[in-house]
Amino acid sequence: MTQIPHDQLAKQYLEEFLTPLGTVQRQYEVPGEAKYVDIWFVPDSTVQQSLSDLGLLGRMVDGMCLIEPYRNAPSRTEVRTSLMKLLWIQEDEQRKATQLKQPLSESELPRLWILAATVSQPLVKDLGGQVNAGWYPGVYFLHEIFKTAIVAIDQLPMIPETLLLRVLGRGETQRQAIEEVLSLPETAPQRNVILQLVASWKVRMDMGELQDFIQREEIMAISRAFELWEQEVKNQGWQEGRQEGRQGREVEIALNLLREQIPLETIARTTGLTIAQLQDLQSQLQ
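Here is what the cut-offs are and how they apply
- Residues numbered from 1 in each chain as written.
- Predicted model: local features only at pLDDT ≥ 70, side-chain atom pairs only at ≥ 80, totals over all residues.
- Heavy atoms only, no water.
- Helix = DSSP H or I, 4+ residues; strand = E, 2+ residues; numbered from the N terminus.
- Buried < 20%, exposed > 50% of the residue type's maximum accessible area, 1.4 Å probe, protein only.
- Contact = heavy atoms within 4.5 Å.
- Areas by Shrake-Rupley, 256 points an atom, 1.4 Å probe, with all protein chains shown as cover.
- Phe/Tyr/Trp six-rings, centres within 6.5 Å; stacked < 30°, edge-to-face > 60°.
- Lys NZ or Arg CZ within 6 Å of the ring centre and 35° of its normal.
- Salt bridge = Lys/Arg side-chain N within 4 Å of Asp/Glu carboxyl O.

### Quick word on the overall build of the protein
Within the protein, the secondary structure is distributed over 11 helices and 6 strands. Burial status across the protein gives 49% buried among its 286 residues. Here the contacts in the protein between residues at least 6 apart in sequence split such that 59% fall between residues at least 24 apart. When the accessible surface of the protein is split by element, carbon and sulfur atoms take 49% of a total near 14,000 Å².

Below is the structure:
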């Protein structure tokens with residue numbers, strides 16, 4: 001599977017927002033097949049947080065679902081492969097439900113959401129994709145038997161309900177979304193989470209891993225978001241590093257980057273933590 005930085009950001013991003021609502025598994029292995037689903041989500045009916053807090057993303061995940069993010073327009077082969085994964089997982093869920101003597105109804109079967117920065121109209125036409133009443137433009141549903149929809153992020157309306165998804169777009173779509181994030185109140189929880197994730201992505205850009213994937217406008221928007229995040233960290237005194245019993249955002253960023261084996265010197269420049277502090281965090285992960 002592709003390991004480009006955007007895909008890694010998309011998986012981490014979706015996991016961050018969906019974990020409070022249920023069980024999220026990245027790289028979920030398709031039963032009986034040597035294939036993996038980018039995101040497998042099972043909602044938890046006992047959680048207190050409302051799905052509506054996530055806008056359009058919340059509406060998408062009101063039941064078991066697969067999410068396959070694409071930075072470029074998915075090809076016909078990629079769509080067929082995603083549909084094959086869905087069928088395998090549906091069959092496995094039905095098998096497990098039968099063993100428990102709790103058969104799944106048609107409405108309970110897992111759905112597939114193909115989350116694409118852009119989608120070609122010929123592909124949408126070939127798939128018979130249609131915008132359903134009550135859903136936003138850019139969300140194309142296949143015939144109901146397929147339990148699948150394609151979300152063309154660049155076609156979503158620029159409204160608060162679509163903001164979380166538009167951050168995963170590209171070009172002008174992503175730039176505009178990041179500008180909207182920066183304009184959110186500093187107390188907005190989603191703002192802080194997005195800035196933290198963008199800061200993590202910025203480290204890879206500094207390492208030259210993103211230059212072939214994003215445009216100048218996106219680089220500027222991401223850099224601005226990182227600089228604002230960095231300044232907020234310093235203003236709140238988090239640059240002093242890890243203190244007993246305190247979980248600063250710089251520690252969370254450092255832990256994420258350590259898991260991804262980013263060099264200690266790069267993490268130190270990004271977070272303000274010392275090499276010794278990073279080595280201490282590193283030892284906790286082992």
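On we go from here.
### A look at the packing of aromatic side chains
Each aromatic ring pair is specified by the distance between its two centres and by the angle formed by the two planes. Under the criterion given, the structure shown has 4 aromatic pairs. An aromatic cluster of at least three residues, connected via ring pairs, comprises W113, W135 and F141. Over the face of the ring belonging to W135 we find R59, whose NZ or CZ atom lies 4.0 Å from the ring centre.

### A word on the pattern of salt bridges
One pass over the full model with this rule turns up 12 salt bridges. As a salt-bridge pair, E68 and K85 come within 2.9 Å of each other at their nearest N and O atoms. Remark: K85 occurs in helix α3 (residues 76-99) and E68 occurs in strand β3 (residues 65-70); sequence separation between them is 17 residues. Through salt bridges with shared partners, one network takes in D92, E93, R95 and K96.

### Things to note about the environment of L165
You can see L165 is positioned in helix α5 (residues 163-166). Among the residues examined, L165 registers a relative accessible area of 1% and is labelled buried. Remark: the alpha-carbon pair of L165 and V151, spanning 14 residues in sequence, is separated by 9.2 Å. For L165, the residues in contact, after removing those within four places along its chain, are L56, L57, M60, L115, V151, I153 and L156.

### Concerning unusual backbone geometry
Its identity as a non-glycine residue notwithstanding, K101 has a phi of 60°, on the positive side. Relative to the assigned elements, K101 resides in the loop between α3 and β4 (111-116). Positive phi, close to 50°, is recorded for K147, a residue that is not glycine. Summarising the element assignment, K147 is placed in the loop between β5 (139-141) and β6 (148-152).

As far as function goes, none of this settles anything; it's purely spatial.
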